[in-house]
Amino acid sequence: MSRSAREYLASGPKFAESDVIERIESFRRRRPRLLDDHVTLAHGAGGKASAALVDAVFVEAFANPLLASLGDGAVIDLPSGERLVLSTDSFVVQPRRFPGGSIGELAVHGTVNDLAVAGAVPQWVSAAFVLEEGLPIAELKEIATDMAAAAAACGVQIVTGDTKVVPNGAADGLFITTTGAGIIPAGRRLSAQSVRTGDKVLLSGSMGDHGMAVMLARGDLAIEADIRSDTASVSPLVELLLAAAPSTRWLRDATRGGVGTVCNELAQACGLGVLLEEDKLPVHPMVSGACELLGIDPLYVANEGKFVAVVAPQEADAGLAALRSHPLGAEAAEVGEIIAEPEQTVVVRTGFGGTRIVDMLVGDPLPRIC
C-alpha cells in the first residue's frame, strides 16, 4: 500500500486498517494493471485502460473507505443519521451542441443521474467552467441557459461554481466540471454486495443513442441517420422502479463504456456472472446500422439517459411495468439475469443459441462523447 494510503489510515481511527486494506487489495486483484507510460485517449473511455489508470494513480494516492467502493458517487453518513451522496463529473464533449442536447444539458443530467442511481434524491449542483480565450459570449450564454433549464426540469439548484480562462488553443472552447449532492431516503440501500444468483437484469431503454448521435454530429463520417442523444434525467424512472420493486439490489447509469462495461463492473463487484440475452437488448435500427458500419458493438456505446438495474426475481415484472409507464422508460426490457458461473464474467446468449463473452471495453472507439 502507498505511503499516502497508510498516512490516511493512521489519521482515520474510525476505520479498521485490515478492512480497508482487504477492500483495496480485493479490488486490485480484479482490475487490469496499468502498463502505459503516458496518458492516452483510451484512458478516458471507461474501459480497461480507465480502470487501470484509476487503480494505479488515484486509488493508490487517495485510498480511503469511502473511495474503496468506486461507485459513481460517495455515500457519506451524516451525524444527523441521514446519508449524503456526493458525485463529481467533467464534460468535454465535441461538438458542444448535438442532436438531442448540448454540453450544458449533459453536464446537469450526467451529475443528477450519478446521484439517482446511488439511490439519492438530487438536490444541489456546483459547476466549474474552463473557458478558452475567444469563445463567443453568446454561445456561453446559450450553454448557461441550457444548464438552467435542465436543472429546473430535474428539480435541482446550481448553487455555486468557478470560472477559469486559458489561452487560445488550450481548452478546445469549453470544459465543464459539475459536482452534485443528494440525500438518500431512510431505509434505501443499494449495493453490488446485495446481488444474488437468479436476480433479474433490467435496462431502462435502448442502447447507444447518445454515443452515435455525437459521433455522427462531428461530420467526419459519410453516414446520415436521424439519431438523437438520449440525454435526460433518470431520477423519475429510478423513483418509479424503487417504489414498484423495493428490493432492487443495484443501479448504474450506462455512460462511458456502455452497458457491456457497466455489467462487467457489476460482475467484478459482486463476484458473480451476468448473463444477457442478445435478442432482448433494445437497440434502435439506425443505431444498430451505424454501429455495424463502424464495426462497434452497441453494448459498448455510451448512453446518457439509461440505467441498468438488478432486481429481485419476484419484483422484476412490477419493476419493468413501472419503468414502461413513463415515457423515458417505454422501451425498458428485462435483458438478463445473475448467474453463479462463470464468476466475474459477462456472457451474452446469442439468437442462434450460442454464447459469447463480453469483456470490458478495450481502446477508445468513440472519444469525447461526454
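All of these numbers come straight from a predicted model, not from anything done at the bench.

## Notes on the sheet that holds strand 14 (residues 355-357)
If you trace the seven strands from one edge of the open sheet to the other, you get 9-11-8-12-10-13-14, paired in mixed fashion. Every interior strand has two partners, whereas the edge strands, strand 9 (250-253) and strand 14, have only one. If you compare each strand with its neighbour and ignore which way they point, the axes differ by 25 degrees on average. Taken together, the three bridges between strand 13 (residues 346-349) and strand 14 define a ladder with antiparallel strand orientation. The residue bridging V347 from the neighbouring strand is I357, located in strand 14. Contacts from helix 5 (residues 103-117) reach strand 9 and strand 11 (307-311) within the one sheet, and its direction differs from that of strand 9 by about 170 degrees. The sheet strands contacting helix 8 (residues 235-244) are strand 8 (200-203), strand 9 and strand 11, and the helix crosses strand 11 at an angle near 10 degrees.

## As for the environment of A151
With respect to the secondary-structure elements, A151 resides in helix 6 (residues 137-154). For A151 and E337, which are 186 residues apart along the polypeptide, the C-alpha to C-alpha distance reads 35 Å.

## Examining the pairing of strand 13
Sheet topology places strand 10 (residues 273-277) next to strand 13; four bridges connect them, and they run parallel. Looking across to strand 13, one finds that L276 is bridged to V348. Here strand 13 hands over to strand 14 after five residues, with G353 in that stretch at a positive phi of 95 degrees.

## Considerations on the side chain of N113
Counting through the fold element by element, N113 comes out in helix 5. A polar side-chain atom of N113 sits 3.3 Å from the main-chain carbonyl oxygen of E304.

## A few points about the UniProt feature "domain: PurM-like N-terminal" (unreviewed entry) in the protein
According to UniProt, the "domain: PurM-like N-terminal" (unreviewed entry) feature falls on residues 72-184. Across residues 72-184, the secondary structure splits into 29% helix and 44% strand, with the terminal C-alpha atoms separated by 14 Å.

## Re the pairing of strand 6 (residues 157-166)
Relative to strand 6, strand 5 (residues 121-132) runs parallel, the two being bridged by nine bridges. Paired with W124 across the strands is Q157, a residue of strand 6. Each parallel crossover has a hand, and for strand 5 linked through helix 6 to strand 6 it is right-handed.

## Points about the UniProt feature "domain: PurM-like C-terminal" (unreviewed entry) in the protein
Mapped onto the present numbering, the UniProt feature "domain: PurM-like C-terminal" (unreviewed entry) falls on residues 197-348. Secondary structure across residues 197-348 divides into 34% helix and 18% strand, with the first and last C-alpha atoms of the span separated by 16 Å.

## Concerning the sheet that holds strand 6
Strand order across the open sheet formed by five strands is 1-2-7-5-6, with mixed pairing between neighbours. Bordering the open sheet on either side are strand 1 (74-77) and strand 6, each of which pairs with just one other strand. On average, each strand axis in the sheet is inclined to that of its neighbour by 15 degrees, with strand direction left out of account. Summarising the sheet, strand 5 and strand 7 (residues 174-184) pair through 10 bridges and their orientation is antiparallel.

## What to know about helix 8
Within helix 8 the residues assigned to the buried category are S235, L237, V238, L241 and L242. Buried residues of helix 8, seen end-on, are gathered within an arc of 155 degrees and therefore sit on one face of the element. The elements touched by buried residues of helix 8 are helix 5, strand 5, strand 8, strand 9, strand 11 and helix 11 (316-324).

Parameters and conventions
Residues numbered from 1 in each chain as written. Predicted model: local features only at pLDDT ≥ 70, side-chain atom pairs only at ≥ 80, totals over all residues. Heavy atoms only, no water. Pairing = 2+ DSSP bridges. Helix = DSSP H or I, 4+ residues; strand = E, 2+ residues; numbered from the N terminus. Axes fitted to C-alpha atoms, helices over the stretch in contact; angles between N-to-C directions. Contact = heavy atoms within 4.5 Å. Polar contact = N/O pair within 3.5 Å; in protein donor to acceptor, adjacent residues only side chain to side chain. UniProt positions renumbered as here; feature names shortened; annotations may be inferred. Right-handed = clockwise from strand over helix to strand, strands pointing away. Buried < 20%, exposed > 50% of the residue type's maximum accessible area, 1.4 Å probe, protein only. Arc of directions from axis to C-beta.

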